[in-house]
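Secondary and tertiary structure notes
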Amino acid sequence: SRHVSTANAYVGAEVAQINAATSGIIKKIKVNDTQEVKAGDVLVVIDDTDAQLAVGVAKANLAKAEAQMRRAQNIFKRRKALRAADSASEEEVANAKEDFDAANSAFEAAKLAVDQAKLDFERTTVRAPIDGIVARRQVQLGQRVAIGAPLMAITPKDQMHVDANFKESQLAKVRVGQTATLTSDLYGDDVEYHGKVIGFSGGT
């Protein structure tokens, strides 16, 4: 009369899926299934040769774009000065301004390209986003992975819950926030876990 119970219950968790954020060949694998990891630990290293080259190319393009932008800026300043002395036409000044704006836009785009290349380089090292246990490792050494390819999952130990299946007739007086006592098949009645009701499935 004071409680309801069920043996139809399973442990669940909000699993963190680890996917490749850049493409490449797997160079190192630092973890295996069932291994405990901390947030920030290295899980997988993707060969960064292409990423390093991309950073170098992006920096070279940035330097070139900056030089072109500075040149266009100087020409625009000279045209404005000449116009003030009535030695250049409005059209010449307008054309110089358009060239400078275009060069400046190209320079800003080149800066973004460097940032993207650096980000892709950083993404060659895959780190754990949370503390937990490695599960469902799918990646192998030497495997070529594409962006978005699933590598493994991490199950957080401190964010687990239990999905308990009751008969509808048992839930008449069950409310969110009520206390719950649980035992597991692994340890039996010798170990009790204490929690509370956090919600009901929308399909109940």
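Everything numeric here is computed off the predicted structure, so don't read it as measured data.

1. Quick look at the overall build of the protein chain
- Looking only at helices and strands, one finds two helices and twelve strands in the protein chain.
- Listed by position from the N terminus, the elements making up the protein chain come as β-β-β-β-β-α-α-β-β-β-β-β-β-β.
- Taking 17 Å as the expected radius of gyration for a compact globule of 204 residues, we find that the protein chain reaches 30 Å, considerably beyond that expectation.
- Here the C-alpha coordinates of the protein chain stretch approximately 100 × 45 × 25 Å along the principal axes.
- A total of 204 residues make up the protein chain; the buried ones form 24% of that total.

2. A short note on helix 2 (residues 90-122)
- In this model helix 2 runs 48 Å from its N-terminal to its C-terminal C-alpha over 33 residues, within 8% of the 48 Å that 1.5 Å per residue would give.
- Among the structural elements, helix 1 (49-84) are those in contact with the buried residues of helix 2.

3. Quick look at the packing of aromatic side chains
- A full pass over the atoms with the stated rule returns one aromatic pair.
- Centroid distance Phe76 to Phe100: 6.1 Å. Interplanar angle 10°. Geometry classified as stacked. Of this pair, Phe76 sits in helix 1 while Phe100 sits in helix 2, and the two are 24 residues apart along the sequence.
- Judged by its relative accessible area of 15%, Phe100 is buried.

4. Some thoughts on the pairing of strand 9 (residues 150-155)
- The buried fraction of strand 9 amounts to five of the six residues, a majority that puts the element mostly inside the structure.
- Direction of pairing for strand 2 (residues 16-19) relative to strand 9: antiparallel, over a ladder of four bridges. By the bridge assignment for strand 9, Ile18 is matched with Met152.
- Both strand 7 (residues 132-135) and strand 9 contribute to a ladder of three bridges, which runs antiparallel. Each bridged residue has a counterpart across the sheet, and for Ile133 the counterpart in strand 9 is Thr155.

5. Re the layout of surface pockets
- The calculated volume of the largest pocket comes to roughly 1,900 Å³.
- Secondary structure elements with two or more residues in the lining of the largest pocket: strand 1 (9-13), strand 10 (160-164), strand 11 (179-184) and strand 12 (188-196).
- For the lining of the largest pocket, the element with the highest residue contribution is strand 11, accounting for six residues.
- Among the residues making up the lining of the largest pocket, the classes are represented as 20 nonpolar, 19 polar and six charged.
- Lining the second largest pocket are 13 residues; nearest its centre among them are Ser23, Gly24, Asp47, Asp50 and Ala51.
- Put simply, the parts of the chain that give the lining of the second largest pocket at least two residues each are strand 3 (24-29), helix 1 and helix 2.
- If you tally residues by element for the lining of the second largest pocket, the top one is helix 1, at four residues.
- Across the lining of the second largest pocket, the residue classes tally to four nonpolar, five polar and four charged.

6. Structural notes on the pairing of strand 11
- The pairing of strand 11 with strand 12 spans five bridges and is classified as antiparallel. The residue of strand 12 that forms the bridge with Leu182 is Tyr193.

7. A word on unusual backbone geometry
- Phi at Thr34 is positive, roughly 75°, even though this residue is not glycine.
- As for its placement among the helices and strands, Thr34 is situated in the loop between strand 3 and strand 4 (36-37).
- Unlike most non-glycine residues, Arg136 shows phi in positive territory, near 50°.
- Summarising the element assignment, Arg136 is placed in the loop between strand 7 and strand 8 (144-145).

8. Considering the sheet that holds strand 6 (residues 125-127)
- With antiparallel pairing, the four strands of this open sheet are ordered in space as 6-5-3-8. Edge positions in the open sheet fall to strand 6 and strand 8, since each of these has one partner strand only.
- Pairing of strand 3 with strand 8, which is carried by two bridges, proceeds in the antiparallel orientation. Bridging from a neighbouring strand, Gly24 pairs with Val145 of strand 8.

Definitions and limits used
- Residues numbered from 1 in each chain as written.
- Predicted model: local features only at pLDDT ≥ 70, side-chain atom pairs only at ≥ 80, totals over all residues.
- Heavy atoms only, no water.
- Helix = DSSP H or I, 4+ residues; strand = E, 2+ residues; numbered from the N terminus.
- Rg over C-alpha atoms; globule rule 2.2 N^0.38 Å.
- Buried < 20%, exposed > 50% of the residue type's maximum accessible area, 1.4 Å probe, protein only.
- Expected span 1.5 Å × (residues − 1).
- Contact = heavy atoms within 4.5 Å.
- Phe/Tyr/Trp six-rings, centres within 6.5 Å; stacked < 30°, edge-to-face > 60°.
- Pairing = 2+ DSSP bridges.
- 1 Å grid on protein atoms, 1.4 Å probe; cavity = no way out; pocket = protein on both sides within 12 Å on 5 of 7 lines; lining within 4 Å.
- Points joined across faces, edges and corners; volume = space filled by probe spheres on them.
- Nonpolar A, V, L, I, M, F, W, Y, C, P; charged D, E, K, R; others polar.

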